[in-house]
Amino acid sequence: MIIMELRDVTLGYIGKVILHDINLVLNSGMNVVLGPNGAGKTTLFRVCSGALKPYKGEVLINGIDIYKNVKIKRMIGYLPHRDGLMSELTVRENLMFYAMVYNLNNDVATKIVKLAREFGMENLLDSPVASLSHGQRRRVALMRVLLHDPQFLFLDEPSNGLDPLAAKNFRSLIKDLIHSRNIGVTYSTHNLYEALELAENVIVINHGRVVFKGSLEDLRHFIGRIKVGLKVRGNPVTILNSMGYDTYQDGGLWIVEVKSEDEIGNIVKELTKHNIIILVVKEIGNPLEDILEQLSDKL
């Protein structure tokens, strides 16, 4: 098994410390870094990808410091917020350019076609990137970082800006990649539900410090239940009670507590089946903020 380890990593920009004494172990499977905007997620990904050397500490792959052995950086792929694609070029031309940057020579054209087929982009290889949807651009960007066959992928909030269906499809693609390639993926988000859908291991970061690390089940147990408000036409009480939910009204919303996003979908489906018209479904409060508040004593 290939393992990445951060030991006492501290770093930042122009003398300002952003990350403080980070100690982490990342391995194959899905690691989700969860935290609010400005928590230090992007800085963490930059140091893990070899783009930003720490002030102190080490970033190791199987015990080898990536900042002392440049070749080992080839085991890492990094997809930042910006996709790095040139809009005026075609998908194929973009990928050929990055293959040249990576100094890849062995049958690159065949690899690009294979990736395009795997990602459902084969018919768009000769289309200008400017003509693609946002979701299609993210797929091409992911193809770009896979060209050199990395063992670790760092994806920095990759579903930002995608509509819900495109985001769901993108997450499914990532999960398929993990199983088909047996690689480690570290995926950052500020969306708690996205973390719950994807994660095998969860890291919560705030103010540049790791405040929680554990399995998905550890996080689920820590979170408990989440309040959701429903604005509907009709009276949902009987139906919700039959599904095992207690409910009450607050400010025109019917309040229920759930453990996952799937439960919300089931509730909406059941109410709709009984001719209850759903007007609004909204989360009450911010569960990520609630988690951070509960962990405040560790900051």
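Thresholds, definitions, all that
Residues numbered from 1 in each chain as written. Predicted model: local features only at pLDDT ≥ 70, side-chain atom pairs only at ≥ 80, totals over all residues. Heavy atoms only, no water. UniProt positions renumbered as here; feature names shortened; annotations may be inferred. Helix = DSSP H or I, 4+ residues; strand = E, 2+ residues; numbered from the N terminus. Buried < 20%, exposed > 50% of the residue type's maximum accessible area, 1.4 Å probe, protein only. Contact = heavy atoms within 4.5 Å. Areas by Shrake-Rupley, 256 points an atom, 1.4 Å probe, with all protein chains shown as cover. Lys, Arg positive; Asp, Glu negative; His and termini not counted. Charge placed at Lys NZ, Arg CZ, Asp CG, Glu CD. Core = buried A, V, L, I, M, F, W, Y, C linked by side-chain atoms within 4.5 Å. Domains from an automatic or database assignment. Expected span 1.5 Å × (residues − 1). Arc of directions from axis to C-beta. Polar contact = N/O pair within 3.5 Å; in protein donor to acceptor, adjacent residues only side chain to side chain. Salt bridge = Lys/Arg side-chain N within 4 Å of Asp/Glu carboxyl O.

Under an unreviewed UniProt entry, the protein has the name ATP-binding cassette domain-containing protein and belongs to Sulfuracidifex metallicus DSM 6482 = JCM 9184. UniProt annotates the protein under Sequence similarities (unreviewed entry) with the comment "Belongs to the ABC transporter superfamily."

A. Quick look at the overall build of the protein. A tally of regular secondary structure across the protein gives ten helices and 14 strands. Its C-alpha atoms give the protein principal-axis dimensions of roughly 65 × 50 × 35 Å. The 299 residues of the protein split such that 47% are buried. Residue pairs at least 24 apart in sequence account for 70% of intrachain contacts in the protein once pairs closer than 6 positions are excluded. Approximately 15,000 Å² of the protein is accessible, and the part contributed by carbon and sulfur atoms is 49%. Each charge class in the protein can be summarised by its mean position, and for the 35 positive and 34 negative side chains these summaries are 4 Å apart.

B. Examining the nonpolar core more closely. Counting residues in each nonpolar core, the largest one holds 65 residues, and the members touching the most others are Phe119, Leu142, Leu147, Ile174 and Val185. Residue assignment places this core across two domains, with domain 1 (3-221) and domain 2 (226-294) each supplying three or more. Here leucine 142 is in contact with Leu79, Phe119, Leu153, Leu155, Phe170, Leu173, Ile174 and Leu177, once residues within four sequence places are set aside. Counting residues in each nonpolar core, the second largest holds 26 residues, with Leu11, Leu52, Val59 and Ile205 among its members.

C. Quick peek at helix H1 (residues 41-48). Among the eight residues that make up H1, seven are buried, leaving the element largely enclosed by the rest of the structure. Of all the positions in H1, only Lys41, Thr42, Thr43, Leu44, Phe45, Val47 and Cys48 are classed as buried. With its phi angle positive at about 90°, glycine 50 sits one or two positions after the end of H1.

D. The domain arrangement of the protein, seen in detail. Here the domain parsing of the protein yields domain 1 (3-221) and domain 2 (226-294). Computed over C-alpha atoms only, the centres of domain 1 and domain 2 are separated by 34 Å.

E. Representation of helix H5 (residues 164-181) within the structure. Here H5 is 18 residues long and its end C-alpha atoms lie 26 Å apart, about the 26 Å a rise of 1.5 Å per residue gives. If you check which residues of H5 are buried, you get Ala167, Phe170, Arg171, Leu173, Ile174, Leu177 and Ile178. Along the axis of H5, the buried positions cluster into a sector of 155°, meaning they face one direction only. Exposed and facing more than 90 degrees away from the buried side of H5 are Pro164, Leu165, Asp176, His179 and Ser180. In this structure, the buried residues of H5 make contact with strand S3 (29-34), helix H3 (108-118), helix H4 (134-146), strand S7 (152-156), strand S8 (184-189) and helix H6 (192-198). Between the side-chain oxygen of the N-cap and the backbone nitrogen of leucine 165 there are 3.0 Å, and the N-cap of H5 in question is aspartate 163. Immediately downstream of H5, the backbone of asparagine 182 shows phi near 55°, a positive value.

F. Structural view of the pattern of salt bridges. One pass over the full model with this rule turns up 14 salt bridges. For glutamate 157, the salt bridge identified is with lysine 41, shortest N-O distance 3.3 Å. In this pair, glutamate 157 is assigned in the loop between S7 and H5 and lysine 41 in helix H1, connecting sequence segments 116 residues apart. Across the pair, lysine 41 and glutamate 157 agree in class, each one buried. One salt bridge in this structure joins aspartate 149 and arginine 181, with 4.0 Å as the shortest N-O distance.

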